[in-house]
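# A look at the structure
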Amino acid sequence: MSSPTTATRPSLAARVAARLDWRSNIIYIAFVVVFILFAIFLGNDGFLSPNNMLNIVRQTATISIMAIAMTFVIATAEIDLSVGSVAGLASVVTAMTTTQFGLIPGIIAGLAAGAVIGAINGGLVALLKIPSFLVTLGMLGLAAGLAQWITSSAPQPIADRLYVMIFGGGDFGPVPGLLVWTVLAVAVGWVVMNRTGYGRKVLATGGNPTAAAYTGIRTARIKFTVLLISGMAAALAGMLYAGRLESGRFQWGQGDELTVIAAVILGGTSLFGGRGAIIGTLFGSLFMGLVNNGLILAGLDVAQQQVVRGAIIIAAVALSRKK
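Residues numbered from 1 in each chain as written. Predicted model: local features only at pLDDT ≥ 70, side-chain atom pairs only at ≥ 80, totals over all residues. Heavy atoms only, no water.

Here the focus is the pattern of salt bridges. Applying the stated criterion to the full structure yields two salt bridges. Between E78 and K223 there is a salt bridge whose closest N-O contact spans 2.9 Å. Pair noted here: E78 is in the loop between α4 (50-75) and α5 (83-101) and K223 is in helix α12 (residues 219-245), with a separation of 145 residues, a long-range link. When its relative accessible area of 11% is taken as the criterion, E78 is described as buried. Overall, K223 belongs to the buried group, its relative accessible area being 19%. For E246, the salt bridge identified is with R161, shortest N-O distance 3.2 Å. Here R161 lies in helix α8 (residues 161-169) and E246 lies in the loop between α12 and β4 (247-248), a separation of 85 residues in the sequence. On the basis of relative accessible area, E246 is assigned to the partly exposed category, the value being 34%. (Salt bridge = Lys/Arg side-chain N within 4 Å of Asp/Glu carboxyl O. Helix = DSSP H or I, 4+ residues; strand = E, 2+ residues; numbered from the N terminus. Buried < 20%, exposed > 50% of the residue type's maximum accessible area, 1.4 Å probe, protein only.)

This is the structure we're talking about:
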């Protein structure tokens, strides 16, 4: 007769199955499969060249940084649709301020733009209990319109070479600056999510906000802070756009919110909250960049690329499930 402990202990097969759950690891499987297919069919088109690999990293850096912050937002069962527009707004605010007042004021102004919008989003969601989908959808249009209005739709050039070098346009030896920014964002995000009390509170708030509140977690404050952080991360991404492309434009970041959300969901973060996977998010972002790069090398036009990306986003939502 088995003991109570033995009877209630999960079987070895069940534990192995849980570890090998294909849904939890779908992004790693998909990444490897797509990479191999592109390597086979696009190898002669330069897909495997070191320069192309670095281009993928450069092109996905801004998405990765926004996606790391979005992981915290979605882990609380909220969403931020305004990140792409905030990136565009921050890029023009930074460019205009840098031109008029110099490097440090330009950096502060760009981050402040993201912080203000993130605080507004967070306040409306946390204090007034307005659904984040509606708040950030409205902010998407507001930020984009504001960026276009203050620039009269004109690009804002950045002539400060130090800014360009630091924010995406330079390399640190053989290492692209954008790769350094990505690594820093992933490292900070992983530590905060997995090794701090704040990360545990984020997951608890998304998993069961009522139970979290009963344990003393200030769930409204958690939701406010994750949206504030998301706004500032989007602003940083916009500043990196401005540095890499040496100008601020309201178009930078346009449509990125869909790619960011797809990267987070594909990476294993639950759309219903309570689960966040920082490393998975990174691979989700790289996967989206890998697909974009491969489709361009394969000669697909813009419309066809949009069809494929749309299908990936639908698949990402379909694979998301409540834990």
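On the surface, a cluster of positive charge is contributed by R200, K201, R218 and R221. Within the fold, R200 resides in helix α10 (residues 197-207). (Patch = residues over 30% accessible without salt bridge, like charges linked within 9 Å, V, L, I, M, F, W, Y side chains within 5 Å. Areas by Shrake-Rupley, 256 points an atom, 1.4 Å probe, with all protein chains shown as cover. Lys, Arg positive; Asp, Glu negative; His and termini not counted. Charge placed at Lys NZ, Arg CZ, Asp CG, Glu CD.)

Further remarks concern the side chain of N121. Residue placement: N121 occurs in helix α6 (residues 103-126). In this view, N121 contacts D80, S82, V135, T136, M139 and L227; residues no more than four positions away in its chain are not counted. (Contact = heavy atoms within 4.5 Å.)

A few words now on the nonpolar core. Counting 61 residues, the largest nonpolar core has M66, M70 and F287 as its most contacted members. Counting residues per element, this core draws most heavily on α4, at 10 residues. Apart from the residues within four sequence positions on either side, M66 is in contact with V83, A87, A233, A234, A237, D256 and V260. (Core = buried A, V, L, I, M, F, W, Y, C linked by side-chain atoms within 4.5 Å.)

Looking now at the packing of aromatic side chains. Following the criterion strictly, the structure yields eight aromatic pairs and no others. Summarising the aromatic geometry, the rings of Y28 and F283 are spaced 5.2 Å apart at their centres and angled 70° between planes, so their arrangement reads as edge-to-face. Of this pair, Y28 sits in helix α3 (residues 26-41) while F283 sits in helix α14 (residues 278-297), and the two are 255 residues apart along the sequence. On the accessibility criterion, F283 (26% relative accessible area) is partly exposed. Seen in terms of ring centroids, Y241 and W252 are 6.4 Å apart; in terms of plane orientation they differ by 20°. Their pairing is stacked. Here Y241, found in helix α12, pairs with W252, found in the loop between β4 and α13 (256-266); they are 11 residues apart in sequence, far enough to count as distant. Both residues of the pair, Y241 and W252, count as buried. What links up through ring pairs into an aromatic cluster is the set Y28, F31, F35, F38, F47 and F283. (Phe/Tyr/Trp six-rings, centres within 6.5 Å; stacked < 30°, edge-to-face > 60°.)

For the rest of this paragraph, the subject is unusual backbone geometry. Positive phi values are uncommon outside glycine, yet K129 reaches one of about 60°. Counting through the fold element by element, K129 comes out in the loop between α6 and α7 (132-151). If you check the backbone angles, E246 has positive phi at about 60° while not being a glycine.

For α12, with 27 residues, the first-to-last C-alpha span of 39 Å sits near the 39 Å given by 1.5 Å per residue. Backbone geometry just downstream of α12 places E246 in the positive-phi region, at approximately 60°. (Expected span 1.5 Å × (residues − 1).)

Topologically, E257 is positioned in helix α13. Among the residues examined, E257 registers a relative accessible area of 10% and is labelled buried. For E257, the contacting residues outside a window of four places in its chain are L81, V83, G84, S85 and L140.

Geometric descriptors of this kind do not, in isolation, establish any biological role.
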